[in-house]
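In case you want the letters, here they are:
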Amino acid sequence: MEFAKHVHIKPLTGETDWPVWKRKMKDVLDYQEGAIDIIEGTLEKPGPLKADASKEETKEHKLKCDLFRKANSFAKSMISSAVSDAVYQRIMDKVTAHEAWEALKQQFEGTSQDQLFKVCAEFFEFGWTSGEDVSTHLAKIRTLWNELNNGLKSKNETELPGMILIYKVLHILPNSFDNFKSSWMLLSKDEAKTFDELSLQLLVYERNRSSTHSANNDIQSQDALFAKSRSGYSARGNRANSRPFSQEDQCNYCQQKGHWVSRCPKWFNDGCPSRSGAQNAQAKVTETEAMKIAL
(Lines give C-alpha, C1' and ligand atoms only; values in the text may rest on other atoms or scores of the structure.)
Protein backbone atom coordinates (compact mmCIF):
# COMPACT_ATOMS: atom_id res chain seq x y z
CA MET A 1 0.00 0.00 0.00
CA GLU A 2 3.05 2.26 -0.19
CA PHE A 3 1.85 3.37 -3.64
CA ALA A 4 -1.40 4.72 -2.19
CA LYS A 5 0.49 7.29 -0.08
CA HIS A 6 1.62 9.10 -3.21
CA VAL A 7 -1.78 9.17 -4.95
CA HIS A 8 -3.82 12.35 -4.73
CA ILE A 9 -7.25 12.43 -6.37
CA LYS A 10 -9.73 15.22 -5.77
CA PRO A 11 -12.50 13.77 -3.56
CA LEU A 12 -15.73 12.82 -5.32
CA THR A 13 -18.49 15.16 -4.13
CA GLY A 14 -21.24 14.90 -6.73
CA GLU A 15 -22.40 14.09 -10.24
CA THR A 16 -20.27 16.84 -11.82
CA ASP A 17 -17.06 15.26 -10.52
CA TRP A 18 -17.99 11.69 -11.48
CA PRO A 19 -16.82 11.46 -15.15
CA VAL A 20 -13.26 12.69 -14.48
CA TRP A 21 -13.07 11.02 -11.05
CA LYS A 22 -14.04 7.66 -12.55
CA ARG A 23 -11.33 7.83 -15.19
CA LYS A 24 -8.66 8.85 -12.68
CA MET A 25 -9.70 6.12 -10.27
CA LYS A 26 -9.46 3.44 -12.95
CA ASP A 27 -5.96 4.65 -13.81
CA VAL A 28 -4.96 4.26 -10.16
CA LEU A 29 -6.64 0.87 -9.71
CA ASP A 30 -4.82 -0.48 -12.75
CA TYR A 31 -1.63 -0.41 -10.63
CA GLN A 32 -2.81 -3.39 -8.57
CA GLU A 33 -3.37 -6.74 -10.26
CA GLY A 34 -7.03 -7.65 -10.33
CA ALA A 35 -8.32 -4.32 -8.95
CA ILE A 36 -10.06 -3.32 -12.20
CA ASP A 37 -11.60 -6.79 -12.45
CA ILE A 38 -12.85 -6.44 -8.89
CA ILE A 39 -14.85 -3.24 -9.47
CA GLU A 40 -16.19 -4.55 -12.78
CA GLY A 41 -17.35 -7.75 -11.13
CA THR A 42 -15.32 -10.14 -13.28
CA LEU A 43 -13.13 -11.19 -10.36
CA GLU A 44 -15.21 -12.70 -7.55
CA LYS A 45 -14.37 -14.17 -4.20
CA PRO A 46 -13.68 -17.92 -4.54
CA GLY A 47 -16.18 -20.26 -2.96
CA PRO A 48 -15.33 -22.59 -0.05
CA LEU A 49 -12.76 -25.29 -0.69
CA LYS A 50 -14.03 -28.84 -1.03
CA ALA A 51 -13.28 -31.14 1.87
CA ASP A 52 -11.61 -33.70 -0.35
CA ALA A 53 -9.57 -31.18 -2.37
CA SER A 54 -6.15 -32.24 -3.51
CA LYS A 55 -2.93 -30.39 -2.74
CA GLU A 56 -2.93 -28.75 -6.16
CA GLU A 57 -6.54 -27.64 -5.77
CA THR A 58 -5.78 -26.33 -2.30
CA LYS A 59 -2.78 -24.38 -3.61
CA GLU A 60 -4.76 -22.93 -6.52
CA HIS A 61 -7.63 -21.98 -4.22
CA LYS A 62 -5.24 -20.17 -1.90
CA LEU A 63 -3.73 -18.21 -4.80
CA LYS A 64 -7.19 -17.12 -5.95
CA CYS A 65 -8.18 -16.09 -2.43
CA ASP A 66 -4.98 -14.09 -1.97
CA LEU A 67 -5.48 -12.35 -5.31
CA PHE A 68 -9.06 -11.44 -4.47
CA ARG A 69 -8.18 -10.25 -0.98
CA LYS A 70 -5.31 -8.02 -2.10
CA ALA A 71 -7.17 -6.60 -5.11
CA ASN A 72 -10.38 -5.96 -3.16
CA SER A 73 -8.52 -4.40 -0.23
CA PHE A 74 -6.58 -2.07 -2.54
CA ALA A 75 -9.65 -1.04 -4.56
CA LYS A 76 -11.87 -0.50 -1.51
CA SER A 77 -9.17 1.52 0.24
CA MET A 78 -8.52 3.74 -2.80
CA ILE A 79 -12.23 4.39 -3.37
CA SER A 80 -12.89 5.21 0.30
CA SER A 81 -9.95 7.64 0.48
CA ALA A 82 -11.03 9.53 -2.68
CA VAL A 83 -14.61 10.47 -1.78
CA SER A 84 -16.02 13.14 0.50
CA ASP A 85 -17.41 12.23 3.92
CA ALA A 86 -20.97 12.70 2.64
CA VAL A 87 -20.38 10.30 -0.25
CA TYR A 88 -18.54 7.80 1.95
CA GLN A 89 -21.61 7.44 4.16
CA ARG A 90 -23.44 5.97 1.15
CA ILE A 91 -20.87 3.20 0.62
CA MET A 92 -19.53 2.55 4.12
CA ASP A 93 -21.73 -0.53 4.56
CA LYS A 94 -20.51 -2.16 1.32
CA VAL A 95 -18.35 -5.23 1.85
CA THR A 96 -16.57 -5.40 -1.50
CA ALA A 97 -15.11 -2.76 -3.77
CA HIS A 98 -17.48 -3.95 -6.51
CA GLU A 99 -20.51 -3.19 -4.34
CA ALA A 100 -19.11 0.26 -3.47
CA TRP A 101 -18.39 1.00 -7.14
CA GLU A 102 -21.86 -0.05 -8.25
CA ALA A 103 -23.43 2.12 -5.55
CA LEU A 104 -21.49 5.13 -6.82
CA LYS A 105 -22.50 4.39 -10.42
CA GLN A 106 -26.17 4.20 -9.48
CA GLN A 107 -25.88 7.45 -7.57
CA PHE A 108 -23.96 9.55 -10.08
CA GLU A 109 -24.04 7.86 -13.48
CA GLY A 110 -27.67 6.90 -13.95
CA THR A 111 -28.62 4.37 -16.61
CA SER A 112 -26.18 3.34 -19.31
CA GLN A 113 -28.48 4.82 -21.95
CA ASP A 114 -28.54 8.19 -20.20
CA GLN A 115 -24.75 8.09 -19.83
CA LEU A 116 -24.27 7.35 -23.52
CA PHE A 117 -26.45 10.29 -24.52
CA LYS A 118 -24.50 12.49 -22.10
CA VAL A 119 -21.12 11.47 -23.50
CA CYS A 120 -22.43 11.93 -27.05
CA ALA A 121 -23.59 15.45 -26.23
CA GLU A 122 -20.28 16.30 -24.53
CA PHE A 123 -18.33 15.13 -27.58
CA PHE A 124 -20.28 17.11 -30.18
CA GLU A 125 -20.52 20.20 -27.95
CA PHE A 126 -16.81 20.13 -27.13
CA GLY A 127 -15.06 23.34 -28.15
CA TRP A 128 -11.73 25.14 -27.92
CA THR A 129 -10.91 26.63 -24.52
CA SER A 130 -8.72 29.73 -24.57
CA GLY A 131 -5.59 29.35 -22.49
CA GLU A 132 -5.26 25.57 -22.90
CA ASP A 133 -2.69 24.04 -25.24
CA VAL A 134 -3.17 21.57 -28.06
CA SER A 135 -2.18 18.48 -26.08
CA THR A 136 -4.82 19.19 -23.41
CA HIS A 137 -7.59 19.53 -26.00
CA LEU A 138 -6.49 16.38 -27.82
CA ALA A 139 -6.46 14.35 -24.60
CA LYS A 140 -9.96 15.52 -23.61
CA ILE A 141 -11.57 14.92 -26.99
CA ARG A 142 -9.94 11.51 -27.40
CA THR A 143 -11.23 10.42 -23.99
CA LEU A 144 -14.76 11.46 -24.95
CA TRP A 145 -14.36 9.68 -28.29
CA ASN A 146 -13.28 6.42 -26.66
CA GLU A 147 -16.13 6.56 -24.14
CA LEU A 148 -18.64 7.22 -26.90
CA ASN A 149 -17.51 4.32 -29.07
CA ASN A 150 -17.20 1.98 -26.08
CA GLY A 151 -20.78 2.84 -25.16
CA LEU A 152 -21.96 2.14 -28.69
CA LYS A 153 -20.03 -1.12 -28.75
CA SER A 154 -21.57 -2.26 -25.45
CA LYS A 155 -25.02 -1.80 -27.01
CA ASN A 156 -24.04 -3.65 -30.18
CA GLU A 157 -24.30 -0.40 -32.15
CA THR A 158 -22.01 0.58 -35.03
CA GLU A 159 -18.97 2.53 -33.88
CA LEU A 160 -18.32 5.95 -35.38
CA PRO A 161 -15.62 6.19 -38.09
CA GLY A 162 -12.34 7.91 -37.26
CA MET A 163 -13.00 10.56 -39.92
CA ILE A 164 -15.57 12.17 -37.60
CA LEU A 165 -12.97 12.58 -34.86
CA ILE A 166 -10.50 14.18 -37.28
CA TYR A 167 -12.98 16.69 -38.66
CA LYS A 168 -14.22 17.46 -35.16
CA VAL A 169 -10.69 18.45 -34.16
CA LEU A 170 -10.24 20.56 -37.28
CA HIS A 171 -13.61 22.23 -36.69
CA ILE A 172 -12.78 23.46 -33.17
CA LEU A 173 -9.34 24.86 -34.03
CA PRO A 174 -9.19 28.67 -33.56
CA ASN A 175 -8.55 31.09 -36.42
CA SER A 176 -4.83 31.16 -35.65
CA PHE A 177 -4.67 27.60 -37.07
CA ASP A 178 -6.23 28.47 -40.44
CA ASN A 179 -2.94 27.95 -42.29
CA PHE A 180 -2.56 24.55 -40.69
CA LYS A 181 -6.08 23.48 -41.66
CA SER A 182 -5.49 24.50 -45.27
CA SER A 183 -2.24 22.50 -45.42
CA TRP A 184 -3.82 19.46 -43.81
CA MET A 185 -6.73 19.39 -46.26
CA LEU A 186 -4.26 19.41 -49.18
CA LEU A 187 -2.80 16.04 -48.17
CA SER A 188 -3.17 13.78 -51.19
CA LYS A 189 -3.10 10.46 -49.35
CA ASP A 190 -6.21 9.74 -47.32
CA GLU A 191 -4.41 6.99 -45.41
CA ALA A 192 -2.13 9.68 -43.95
CA LYS A 193 -5.10 11.53 -42.47
CA THR A 194 -5.24 9.67 -39.18
CA PHE A 195 -5.92 11.09 -35.74
CA ASP A 196 -2.43 10.16 -34.54
CA GLU A 197 -0.82 11.92 -37.50
CA LEU A 198 -3.09 14.95 -37.00
CA SER A 199 -2.13 15.11 -33.33
CA LEU A 200 1.58 14.95 -34.15
CA GLN A 201 1.37 17.67 -36.80
CA LEU A 202 -0.69 19.92 -34.53
CA LEU A 203 1.85 19.66 -31.72
CA VAL A 204 4.71 20.46 -34.11
CA TYR A 205 2.80 23.40 -35.58
CA GLU A 206 2.04 24.80 -32.11
CA ARG A 207 5.66 24.47 -31.02
CA ASN A 208 7.00 26.21 -34.15
CA ARG A 209 4.34 28.90 -33.87
CA SER A 210 5.27 29.60 -30.25
CA SER A 211 8.96 29.87 -31.16
CA THR A 212 8.20 32.31 -33.98
CA HIS A 213 5.95 34.38 -31.74
CA SER A 214 8.66 34.59 -29.09
CA ALA A 215 11.24 35.69 -31.65
CA ASN A 216 8.90 38.38 -33.01
CA ASN A 217 8.35 39.71 -29.51
CA ASP A 218 12.11 40.00 -29.01
CA ILE A 219 12.47 41.94 -32.26
CA GLN A 220 9.58 44.27 -31.35
CA SER A 221 11.12 44.93 -27.95
CA GLN A 222 14.46 45.80 -29.53
CA ASP A 223 12.76 48.10 -32.05
CA ALA A 224 10.85 49.86 -29.29
CA LEU A 225 14.02 50.35 -27.27
CA PHE A 226 15.85 51.77 -30.27
CA ALA A 227 12.96 54.12 -31.07
CA LYS A 228 12.89 55.29 -27.47
CA SER A 229 16.60 56.04 -27.50
CA ARG A 230 16.32 57.95 -30.77
CA SER A 231 13.41 59.97 -29.39
CA GLY A 232 15.56 60.81 -26.38
CA TYR A 233 18.29 62.19 -28.62
CA SER A 234 15.69 64.12 -30.58
CA ALA A 235 14.23 65.60 -27.39
CA ARG A 236 17.67 66.71 -26.25
CA GLY A 237 18.26 68.20 -29.67
CA ASN A 238 14.97 70.10 -29.53
CA ARG A 239 15.84 71.51 -26.13
CA ALA A 240 19.23 72.54 -27.40
CA ASN A 241 17.70 74.17 -30.47
CA SER A 242 15.45 76.33 -28.33
CA ARG A 243 18.32 78.86 -28.20
CA PRO A 244 20.14 79.88 -31.42
CA PHE A 245 23.84 79.01 -31.37
CA SER A 246 26.59 81.42 -32.33
CA GLN A 247 29.86 80.95 -34.11
CA GLU A 248 31.62 80.98 -30.72
CA ASP A 249 29.69 77.97 -29.39
CA GLN A 250 31.89 74.88 -29.29
CA CYS A 251 30.73 71.28 -29.91
CA ASN A 252 31.49 69.00 -26.97
CA TYR A 253 31.93 66.06 -29.36
CA CYS A 254 34.24 67.17 -32.20
CA GLN A 255 35.49 70.29 -30.37
CA GLN A 256 34.76 72.42 -33.45
CA LYS A 257 33.07 75.82 -33.14
CA GLY A 258 29.85 76.93 -34.81
CA HIS A 259 27.51 74.15 -33.72
CA TRP A 260 26.44 71.92 -30.84
CA VAL A 261 26.48 68.15 -30.45
CA SER A 262 22.86 67.91 -31.64
CA ARG A 263 23.96 69.34 -35.03
CA CYS A 264 27.40 67.72 -35.15
CA PRO A 265 28.00 65.82 -38.46
CA LYS A 266 30.67 63.63 -36.86
CA TRP A 267 28.31 62.68 -34.00
CA PHE A 268 25.65 61.57 -36.50
CA ASN A 269 28.21 59.64 -38.59
CA ASP A 270 29.44 57.83 -35.46
CA GLY A 271 25.94 56.58 -34.69
CA CYS A 272 24.94 59.21 -32.07
CA PRO A 273 26.89 57.62 -29.18
CA SER A 274 25.94 58.29 -25.55
CA ARG A 275 27.75 60.80 -23.34
CA SER A 276 30.18 58.13 -22.10
CA GLY A 277 30.80 57.01 -25.67
CA ALA A 278 31.40 60.58 -26.75
CA GLN A 279 33.90 61.11 -23.95
CA ASN A 280 35.79 57.98 -24.93
CA ALA A 281 35.83 59.07 -28.56
CA GLN A 282 37.08 62.52 -27.57
CA ALA A 283 39.78 60.98 -25.40
CA LYS A 284 41.04 58.95 -28.36
CA VAL A 285 41.06 62.07 -30.57
CA THR A 286 43.04 64.05 -27.98
CA GLU A 287 45.50 61.20 -27.55
CA THR A 288 46.04 60.97 -31.30
CA GLU A 289 46.64 64.70 -31.63
CA ALA A 290 49.13 64.60 -28.75
CA MET A 291 51.11 61.85 -30.45
CA LYS A 292 51.22 63.88 -33.69
CA ILE A 293 52.59 66.91 -31.81
CA ALA A 294 55.20 64.77 -30.08
CA LEU A 295 56.39 63.43 -33.42
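Residues numbered from 1 in each chain as written. Predicted model: local features only at pLDDT ≥ 70, side-chain atom pairs only at ≥ 80, totals over all residues. Heavy atoms only, no water.

(A) Representation of the overall build of the chain within the structure. Broken down by element type, the chain carries 12 helices and 0 strands. From first element to last, N terminus to C terminus, the chain shows the α and β order α-α-α-α-α-α-α-α-α-α-α-α. Taken over 295 residues, the chain has a buried fraction of 29%. Across the chain, every contact between residues at least 6 apart in sequence was considered, and the portion connecting residues at least 24 apart equals 52%. Carbon together with sulfur atoms contributes 52% to the accessible area of the chain, which is approximately 20,000 Å² in total. (Helix = DSSP H or I, 4+ residues; strand = E, 2+ residues; numbered from the N terminus. Buried < 20%, exposed > 50% of the residue type's maximum accessible area, 1.4 Å probe, protein only. Contact = heavy atoms within 4.5 Å. Areas by Shrake-Rupley, 256 points an atom, 1.4 Å probe, with all protein chains shown as cover.)

(B) Broad picture of the packing of aromatic side chains. The full count for this structure, using the stated rule, is 11 aromatic pairs. Where Y31 meets F74, the ring centres are 6.2 Å apart and the plane angle is 35 degrees; that geometry is what we call tilted. Separated by 43 residues along the polypeptide, Y31 in the loop between α1 (18–29) and α2 (35–40) and F74 in helix α3 (residues 55–81) bring together distant segments of the chain. Taking the relative accessible area as the measure of exposure, F74 reaches 2% and is therefore buried. Both rings, one in F177 and one in Y205, keep their centres 5.4 Å apart while their planes meet at 45 degrees; by these two values the pair is tilted. On the criterion of sequence distance, the pair formed by F177 in the loop between α8 (162–172) and α9 (178–185) and Y205 in helix α10 (residues 195–240) is long-range, its members being 28 residues apart. By relative accessible area, Y205 is classed as partly exposed at 21%. (Phe/Tyr/Trp six-rings, centres within 6.5 Å; stacked < 30°, edge-to-face > 60°.)

(C) Focus on the packing of α8 against α9. Taken N-terminus to C-terminus, the directions of α8 and α9 make an angle of 150 degrees; their axes are 10 Å apart at the nearest point. It follows that α8 is roughly antiparallel to α9 by the angle criterion. Across the interface between the two elements, I166, Y167 and L170 from α8 touch F180, K181, W184 and M185 from α9. In the contact of α8 with α9, the residues fall into 6 nonpolar, no polar and 1 charged. (Axes fitted to C-alpha atoms, helices over the stretch in contact; angles between N-to-C directions. Parallel < 35°, antiparallel > 145°, perpendicular 65-115°, else oblique. Nonpolar A, V, L, I, M, F, W, Y, C, P; charged D, E, K, R; others polar.)

Function cannot be inferred from these measures alone, as they are strictly geometric.
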